[in-house]
Amino acid sequence: MAATKKGANYHFGSKLHIGVDSGTGYIHSYTTTAANAHDITETHNLIREDDEVVSGDSGYLGIEEREEITSNPVLKDKKYEIVARPSRLKKYKGPDGEVQW
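Residues numbered from 1 in each chain as written. Predicted model: local features only at pLDDT ≥ 70, side-chain atom pairs only at ≥ 80, totals over all residues. Heavy atoms only, no water.

When helices and strands are counted, the protein shows three helices and seven strands. The 101 residues of the protein split such that 24% are buried. In the protein, of all internal contacts separated by at least 6 residues, the share reaching a separation of at least 24 is 35%. Taken as a whole, the protein presents about 7800 Å² of accessible surface, with 49% of it coming from carbon and sulfur. (Helix = DSSP H or I, 4+ residues; strand = E, 2+ residues; numbered from the N terminus. Buried < 20%, exposed > 50% of the residue type's maximum accessible area, 1.4 Å probe, protein only. Contact = heavy atoms within 4.5 Å. Areas by Shrake-Rupley, 256 points an atom, 1.4 Å probe, with all protein chains shown as cover.)

The following block contains the structure:
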């Protein structure tokens, strides 16, 4: 366990990283780390060999370029669909002129 600061708040504890099957919603793998560990460092432990597509939020950007992924032939050939950071998305104005995401 470790302490970490987010904004003005300190957090002490650990994180649970989980791998979920997109078809069933069942948890198939998990790991725990200290609270100050980044999510991307545990991703290679959560991907199964039979996974075809790996999805994640913007915290996982660049996962396909990490050494743990590129050095493993099974993980290297997966399709990675990672969401862009909100700051990179262009705002869309609807017909009424109101901003929509």
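Core analysis: the biggest nonpolar cluster contains eight residues, these being Ile40, Ile47, Val54, Tyr60, Ile63, Ile69, Leu75 and Tyr80. Not counting residues within four places of it along the chain, the set of residues in contact with Ile63 comprises Ile40, Thr43, Ile69, Tyr80 and Ile82. (Core = buried A, V, L, I, M, F, W, Y, C linked by side-chain atoms within 4.5 Å.)

Right, let's get into the sheet that holds strand E3 (residues 27-34). Here we have three strands laid out as an open sheet, ordered E1-E2-E3, and antiparallel in their pairing. Two strands bound the open sheet, and with one partner strand each, they are strand E1 (2-6) and E3. The average undirected angle you get between the axes of adjacent strands in this sheet is 50 degrees. One ladder, built from seven bridges, connects strand E2 (residues 9-20) with E3; its direction is antiparallel. When the sheet's bridge partners are listed, Ser14 is paired in E3 with Ala34. (Pairing = 2+ DSSP bridges. Axes fitted to C-alpha atoms, helices over the stretch in contact; angles between N-to-C directions.)

What follows covers the environment of Met1. Here Met1 lies in the segment before E1. Sequence separation between Met1 and Asn36 is 35 residues; the distance between their C-alpha atoms is 8.4 Å. With residues near it in sequence (within four places) discarded, Met1 still touches Phe12, Gly13, Ser14 and Ala34.

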